[in-house]
Structure formats: C-alpha cells, structure tokens
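Structural characterization, general
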Amino acid sequence: MKSRFALCVGMIGNFLEHYDSVLFALLAPFLAPLFFHEKDPITALLFTYAMLPLGVLAKPLGALYFGWMGDCIGRQKAFSVSLVGMALATMALGCLPLSREVGVLAPLLLALVRLLQSFFSAGETPNGALYILEAGGSKHFSLLSGLFDASSVAGALFASALVALGSSLGWIERGWRYFFIAGSISAFFGVAARVALREGGALAIGACRKFEIRRFWLSFCEHRRAFLALFLAAGLSHTVYSFTFTLMNGYIPLITSISKTQLMQMNTALLVADFILLPVFGYLAQKVGKERVMLFASAALILGAWPVFGLLGVHATLMDVAIVRLFLMTAGIAFAAPYYAWAVEQVPSLSRGAIFSFAYTLGAQVLGSPAAAISIWIYQQTKWTAAPMLYLMPVALGAWIVIARKSVFIPKPVHLKSTQE
C-alpha cells in the first residue's frame, strides 16, 4: 500500500510538469499573435516556439540543485520544494499582460516566467523517477519506468484535451489564462499529499549539506561516459516527443491546408494511445531487455525518417499526417518506456540524483526543447517539407551509438541502492 501511495505521489509533479510544458507548446500557435502581434505569422510562431528551450540555462541549474537536495536530504523534500515553485510560476504565467497592452515588455515577462518554471520543474521528473524506482526495487524496473512515463502522457493528454475542447469552441483566445491558473491550483493539492508521505531517511544525510563543485566534478569525470549516454538518450526521447506533439501542430498548417483544430483532435487521440502503450512497452522491455528495445526504436527512427517525412507536402492528406505521427509516436514510446529503468542503473547511488538529473535535463533542453524551433528554421531556409528529418536523424544516430556502446564499457548494471536504506 505504501509503495502504491509513493508511486502516486511521485507521479503528481511529473503530471503537472508535463501539463504545463505541453499546454504552453499546444497553445503556442494561439499565443504567438498575442505576444508578438507586430510580427508575421511564421516569425511570431518561431519566436513563441523559441520560448520552449529558454530553460537550457535554468533547468540544468535546477537539476543540479534539486539533484543534490535529493541525494542529501531526500527525494520527497526535493520534489516538494520544486512543486511549490512550479505552482507559483504557473500562476504568474496565467496573469501576464499581452503585447498590445504593454508592448515588448510582454514577451520579456513571458521569457522570465518560463525561466522560473524551468528551474523549479527540473526537480520533478528526475527526482520523481528515482524516488519511484528506489522505492519499488529492481524487479519491476521497466514496468515502473513505463508507468512513470505514462504519468507524463497523462499530463500532456489532459492539456491536449482542454486545448482541443477550447479550440473547437473558439474559446482559446479568451480563456487560455484559466488553463494555467487551474494547473497551479491543483499543484497545491499535490504538495499536501507529499507532506503526508514520510520518507525513511536520506542517503548520507548530514554528510553533504553543501553542494561541492569539486565533488560533483570528480563524480562527473568518473562517470562521463554514462553521462554522455544519459544526455543523448534523454535528448532523443524529448526530440521525438516534441516532433509528435509540438512541432506537428504548428508545422502542418504552414505547409498544408489542414487546420489547427483537426490537428488538436488528432493530438488527443494519439496521446490516449501513448498513455495506454507506455506500460505495455515497459512490460515488453522487462521481458526482452531494455537495451534491445531502445536500440530497435532508435534504429527505426534513423532508417524510417526519410521515407515517412516524404509523405508531407502541400497535397498531404490528414491520413498522411496521421501516418507520420503514428510512426514517431510508436518509436518514441518504445524508446522512452524503459529509459528511466535503463538510466538509473548507469550511475551509483551516492551521485545518482545530481548526475542523472543534470544529464537528463541537459539532454532535454539542449536537444529536445529547441527541436520544433530549429526544424521550422530549417524549413524556412530550405522550403523542403521533409526538412525536420535533418534534425531528427543525427539525434537518433547519436543515441543509438551510445546505447550500443554502453553494453561494451559497462559490463553489468550499477547496483540500485535507495536513498531510503
């Protein structure tokens, strides 16, 4: 019963983090003319998507801070503090003025709030995943990893359903603020649940009260190959997710006659399938091996990107777009479902929080977050409708190489030791 409650508590912040990030990404086509009303549609959308990778500085700092906090004083305390910060930043986002009201100050305030959101959200997913896996034991690693990832999709699904409903009713331009405010209010219920969960003690509590740069640097150098693998794998997972559920919603209307509303409805259906299939692929990885599933998925993206993206064009139908998104979603699920179970075995428990959190967050921010903006820029330069694959294929190749090599220079998984032992 306690482990089930811990699973739910660990998922709360992950749900909210992905609700917030996906909500902003889905609303980007609607927010672009509100915060950049003087720009042309493509430039306004490009600038709005450029807000997504703003966390490239804030999130790694947050990951280091909350990763250290999780290692030293406990995961539960770390992701409780981060959840309060996320709730306050999300509330602020729903109260921002528009560019027609305050001019250039509006996008500057938007950027500032997104930076704060990024800093605090960095403590949620890594610490939540570690907390669940350490509490659940190694027997069901891959299944727990898939279930935890499903909570990410649940947050995205809820955001997608709200945006699809608001879009079909023509309510987005007037009511977008309430979506963010509702998310911030729900976060405080999550904080109350976490306070009720008592943690059985933290690893080396009192031994590392201060974050020591030298200690982290030595640990980083010792596990630099594992860090690189975690970084590239996290980057691919977030890139595919961004392609499927962010890029397509803004990119397809630019190159075809398909409407945003149609894409939002498709988005919700795909997220339902994603939510259902993540635990299934987690269970499959538990049976056939985590590395095998991840290598197969990344190879499929490398080899299939060119022919699949070739379906896109001026005359592309809704079915063509559905095929592209289904391909990306399926490969992305297969890769992401066992990711946490695979990643947590690569670093020993003493430095697990800081190393894993920093690598995961840096990969997501450096490779995943700018994927939509860079892909649109590539299209803007080349006018080639299959241009996004030029970004996807190298990222997938990098992940495939490091995962394949990990089986060579790590002979056996690092023993999982909980911070609660």
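Please refer to the structure placed before this passage.
Let us look at the structure shown here.

Reading guide: rules and limits
- Every chain is numbered independently, its residues counted from 1 as its sequence is written.
- At least 70 in pLDDT is required for a residue's local features to be given in this predicted model, at least 80 for side-chain atom pairs to be given and counted, and no such filter applies to totals for whole chains, interfaces and linings, which use all residues.
- Hydrogens and water are ignored here; the side-chain numbers use all heavy atoms of the structure.
- Secondary structure is summarised from DSSP: a helix means a run of H or I of at least four residues, a strand means a run of E of at least two, and numbering begins at the N terminus for each.
- The classification of residues rests on relative accessible area computed with a 1.4 Å probe and restricted to protein chains. Under 20% of the type maximum is buried, over 50% is exposed, and intermediate values are partly exposed.
- Contacts are assigned to residue pairs that have any heavy atoms within 4.5 Å of one another.
- Only the protein chains shown count as covering a residue, and every accessible area follows the Shrake-Rupley method with a 1.4 Å probe.
- Only residues whose relative accessible area exceeds 30% and that form no salt bridge are eligible for patches; like-charged ones are grouped when within 9 Å, while nonpolar side chains (Val, Leu, Ile, Met, Phe, Trp, Tyr) are grouped when within 5 Å.
- By salt bridge we mean one thing: a side-chain nitrogen of Lys or Arg within 4 Å of a carboxyl oxygen of Asp or Glu.
- Where helices are involved, their axes are fitted lines through C-alpha atoms of the stretch in contact, as for all axes, and angles between N-to-C directions lie from 0 to 180°.
- Here the word oblique covers every angle except those under 35 degrees (roughly parallel), over 145 (roughly antiparallel) and from 65 to 115 (roughly perpendicular).
- In this scheme, a crossing is called left-handed if the near helix is turned counterclockwise away from the far one by less than a right angle; it is called right-handed if the turn is clockwise.
- For Phe, Tyr and Trp, where Trp contributes only its six-membered ring, two rings pair if their centres lie within 6.5 Å, and the inter-plane angle classes them as stacked under 30 degrees, edge-to-face over 60, or tilted in between.
- Geometrically, a lysine NZ or arginine CZ counts as sitting over a ring once it is within 6 Å of the ring centre and also within 35 degrees of the ring normal.

**Things to note about the overall build of the protein chain**
Of the regular secondary structure elements, the protein chain holds 18 helices and zero strands. Considering the protein chain as a whole, with its 421 residues, one finds that 61% of them fall into the buried category. The contacts in the protein chain between residues at least 6 apart in sequence include a share of 86% that link residues at least 24 apart. Summed over its atoms, the accessible surface of the protein chain is roughly 16,800 Å², and 70% of this surface lies on carbon and sulfur atoms.

**Remarks on a nonpolar patch on the surface**
A cluster of nonpolar side chains, Val102, Val104, Leu105 and Leu108, forms an exposed patch at the surface whose accessible area comes to about 350 Å². Mapping Leu108 onto the fold places it in helix H6 (residues 105-121).

**Examining the packing of helix H4 (residues 75-93) against H6**
Where H4 contacts H6, the two axes come as close as 8 Å, and the packing angle between them is 160°. Judged by the inter-axis angle, H4 sits roughly antiparallel to H6. Relative to H6, the crossing made by H4 is left-handed. From H4, Val81, Ser82, Gly85, Met86, Ala89, Thr90, Ala92 and Leu93 reach across to H6, where they touch Leu110, Val113, Leu116, Gln117, Phe120 and Ser121.

**Side note on the environment of Ile172**
Inspection of the secondary structure puts Ile172 in helix H9 (residues 172-196). On the basis of relative accessible area, Ile172 is assigned to the buried category, the value being 1%. It is 9.5 Å that separates the C-alpha atoms of Ile172 and Leu162, two residues lying 10 residues apart in sequence. Setting aside its immediate chain neighbours within four residues, Ile172 contacts Leu27, Phe30, Val163, Gly166, Ser167 and Phe179.

**Section: the side chain of Thr239**
With respect to the helices and strands, the residue Thr239 is situated in helix H11 (residues 224-255). Given the relative accessible area of 0%, Thr239 is considered buried. In contact with Thr239, other than residues within four places in its own chain, are Leu367, Gly368, Ala371, Tyr391, Leu392 and Val395.

**A closer look at the side chain of Thr385**
Mapped onto the secondary structure, Thr385 falls in the loop between helix H17 (371-382) and helix H18 (389-409). Residue contacts for Thr385: discarding those within four places in its chain leaves Tyr251, Ile255, Leu312, Gly313 and Tyr379.

**Examining the packing of aromatic side chains**
Evaluated as defined, the whole model comprises 26 aromatic pairs. Aromatic side chains Tyr339 and Trp342 sit 6.0 Å apart centroid to centroid with 45° between the ring planes, which places their arrangement in the tilted category. Of this pair, Tyr339 and Trp342 both sit in helix H15 (residues 339-343), three residues apart, which is roughly one turn of the helix. A relative accessible area of 2% places Tyr339 in the buried class. An angle of 80° between the planes, with centres 6.4 Å apart, marks the rings of Tyr340 and Phe356 as edge-to-face. You can see Tyr340 sitting in helix H15 and its partner Phe356 sitting in helix H16 (residues 352-368), a full 16 residues away along the chain. The exposure class of Tyr340 is buried, given its relative accessible area of 3%. One aromatic cluster is present, formed by Phe148, Tyr339, Tyr340, Trp342, Phe356 and Tyr360 through successive ring pairs. The ring centre of Phe24 lies 4.4 Å from the NZ or CZ of Arg114, which sits over that ring. The ring of Tyr379 has Lys383 sitting right over it, with the charged end atom 5.8 Å from the ring centre.

**Description of the pattern of salt bridges**
Inspection of every chain in the model, using the stated rule, returns one salt bridge. The salt bridge involving Lys290 is made with Glu345; its shortest N-O contact spans 3.6 Å. Taken together, the residues Lys290 in helix H13 (residues 290-309) and Glu345 in the loop between H15 and H16 connect sequence positions 55 residues apart. In this pair, the class of Lys290 matches that of Glu345, namely buried.

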